[in-house]
Amino acid sequence: MAGFSAPAVWRGRTHRYRLVAGKCTSCGKLHYPPSYSCPYCGSRSMVEAELPRVGRLMSYSVVYSVPFDSKSRAPVILGLVDLGVARVISEITDASPEDVSVGMQVEAVFRRIAEDGGTGLIVYGIKFRPVKGA
Ligand SMILES: [Zn+2]
């Protein structure tokens, strides 16, 4: 994936390493990933809110054609995870499509997200994996 620069990745590292949402102080809604303005009401008054790391898989889809990374990683499982206070869309990792089912417990883990072939820069971030024994 092209387009990553080291300073941009560096600035973003806090949000990539922790599961942090933006919380709007006007309407109180959470959104992930955080941004500088509220997608619900447009307010720019935002604070950080750390999200729970364990949630339930509400729905998922299996993507066989992966535009943003090497074909060798396909299929990719994209899940909608309900964390109670917020819902996040994330890749489901450490699992095959047949291992995944709606309602299963998943937990946030730290994984490689993309690699910039030009610079060798590797970008890490949050993905979710099935909770073993759940
Ligand atoms: Zn708002």
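Residues numbered from 1 in each chain as written. Predicted model: local features only at pLDDT ≥ 70, side-chain atom pairs only at ≥ 80, totals over all residues.

## Overview of the overall build of the protein chain
Stated formally: Where helices and strands are cited, they refer to DSSP runs of H or I of at least four residues and of E of at least two residues respectively, numbered from the N terminus. Residues with at least 20 neighbouring C-beta atoms inside 10 Å of their own are called buried, those with 12 or fewer are called exposed, and the rest are partly exposed, where every C-beta is derived from the backbone.
Scanning the protein chain for helices and strands turns up two helices and eight strands. Scanning the protein chain from its N terminus toward the C terminus, one meets helices and strands in the order α-α-β-β-β-β-β-β-β-β. Considering the protein chain as a whole, with its 134 residues, one finds that 17% of them fall into the buried category.

## Here's the deal with the nonpolar core
Note the cut-off: By convention in this section, buried Ala, Val, Leu, Ile, Met, Phe, Trp, Tyr and Cys residues joined through C-beta atoms within 7 Å make up a nonpolar core. What counts as a contact is two residues whose backbone-derived C-beta atoms lie within 7 Å of each other.
Membership of the largest hydrophobic core comes to 15 residues, with the highest contact counts inside it found for Leu51, Val81, Ile92, Val106 and Phe128. Broken down by secondary-structure element, the contributors of at least two residues to this core are strand S4 (54-63), strand S5 (76-82), strand S6 (87-92), strand S7 (105-116) and strand S8 (121-130). If near-sequence neighbours (up to four positions away) are discounted, Phe128 is found in contact with Gly79, Val81, Ser90, Ile92, Val106, Glu107 and Ala108.

## Things to note about the confidence of the model for the protein chain
Quick reminder of the rule: A score between 0 and 100, pLDDT records how confident the predictor is in each residue.
Per-residue confidence for the protein chain gives a mean pLDDT of 83; residues scoring 70 or more make up 82%. When mean pLDDT is taken per element in the protein chain, S4 scores highest with 95 and helix H2 (residues 13-17) scores lowest with 55.

## Overview of the pairing of strand S1 (residues 20-24)
Spelled out, the test is: The pairing criterion is simple: DSSP has to find at least two bridges between the two strands.
Among the five residues in S1, four count as buried, and that is most of the element. Sheet topology note: the S1/strand S3 (residues 46-50) ladder contains five bridges and is antiparallel. Bridge pairing links Lys23 to Val47 in S3. In this structure, S1 lies alongside strand S2 (residues 30-31), joined through two bridges in antiparallel fashion. Counted as the bridge partner of Lys23 is Leu30 from S2.

## Some points on the pairing of S6
One ladder, built from six bridges, connects S5 with S6; its direction is antiparallel. Bridge assignment links Leu78 to a residue of S6, and that residue is Glu91. Taking the residues that link successive antiparallel strands as the turn, the S5-S6 hairpin has four residues, and the phi of Gly84 there is positive, at about 90 degrees.

## Remarks on unusual backbone geometry
Cis geometry is adopted by the peptide bond preceding Pro33, which originates at Tyr32 and carries an omega value of -5 degrees. With respect to the helices and strands, Pro33 occurs in the loop between S2 and S3.

## Here's the deal with the sheet that holds S3
Strands sit in the order S2-S1-S3 across an open sheet of three strands; the sheet is antiparallel. Two strands in the sheet have a free side with no partner beyond their single neighbour: S2 and S3.

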